[in-house]
Amino acid sequence: MAAPTLKVEIGFDLTDSPVADFFRLDDSVQGRLDNTQYRLGGTLFYDVSAYVISVNVERGKSAVLSQFPPGECKVDFTNHTRVFDPLYTASPFYPEIVPKRELRVSANGTAVFHGWIDDWDLAYQPSGDSIA
């Protein structure tokens, strides 16, 4: 049996980002009202599956009489290009590498997890490798 095809998406609001193609008031190009190229903005989901190292989803209870804890998902991303570094202004996701971003995980098109990012834990190695 083949491994499932995972898709990991993060909801970013890049409306004010200089790298995003969003409508901008008073802009001679992106401020034209009759265009269909530029979005109005808001949260859009970006596929970040290419950066995924591992995904771990946990849900359910450990004993029959215990309460159901909330589901949790831990995703490790390769970050050697600093794309998930909250201080790296050249990242296409800057300045949205913050908690409270939506996270969606699906396997073969079936939803596995939908929740909110609690924390970004960055680990840098002397070799130059980085994991977010």
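Here, residues in each chain are numbered from 1, in the same order as that chain's written sequence. Under the rules for a predicted model, residues below a pLDDT of 70 receive no local features and side-chain atom pairs below 80 are neither given nor counted, while totals for whole chains, interfaces and linings still include all residues. Side-chain metrics in this entry use all non-hydrogen atoms of the structure; hydrogen atoms and water are not considered.

## Overview of unusual backbone geometry
Here the bond from Tyr94 into Pro95 is cis, since omega is 5°, no more than 30 degrees from zero. Per the convention used, a helix needs a DSSP run of H or I reaching at least four residues, while a strand needs a run of E reaching at least two, with both numbered from the N terminus. Checked against the element boundaries, Pro95 lands in the loop between strand E4 (72-77) and strand E5 (102-107). For Lys100, which is not a glycine, the phi torsion comes out positive at approximately 75°. Structurally, the position occupied by Lys100 is in the loop between E4 and E5. Take Lys100: its relative accessible area is 53%, and that puts it in the exposed class. In this structure, Asn108 takes a positive phi of about 55° despite not being glycine. Mapping Asn108 onto the fold places it in the loop between E5 and strand E6 (110-116). Working definition: with a 1.4 Å probe on protein chains only, accessible area under 20% of the residue-type maximum means buried, over 50% means exposed, and in between means partly exposed.

## Considering the pattern of salt bridges
It is possible for side chains of opposite charge to pair when their charged atoms get near one another. Salt bridges are defined by distance alone: a side-chain nitrogen of Lys or Arg within 4 Å of a carboxyl oxygen of Asp or Glu. Tallying each qualifying case throughout the model produces 5 salt bridges. Between Glu9 and Lys7 there is a salt bridge, and its shortest N-O distance comes to 3.7 Å. Here Glu96 ties to Arg101 by a salt bridge, and the two come within 3.1 Å at their closest N and O atoms. Residues joined in a network through salt bridges with shared partners are Lys7, Glu9 and Arg104.

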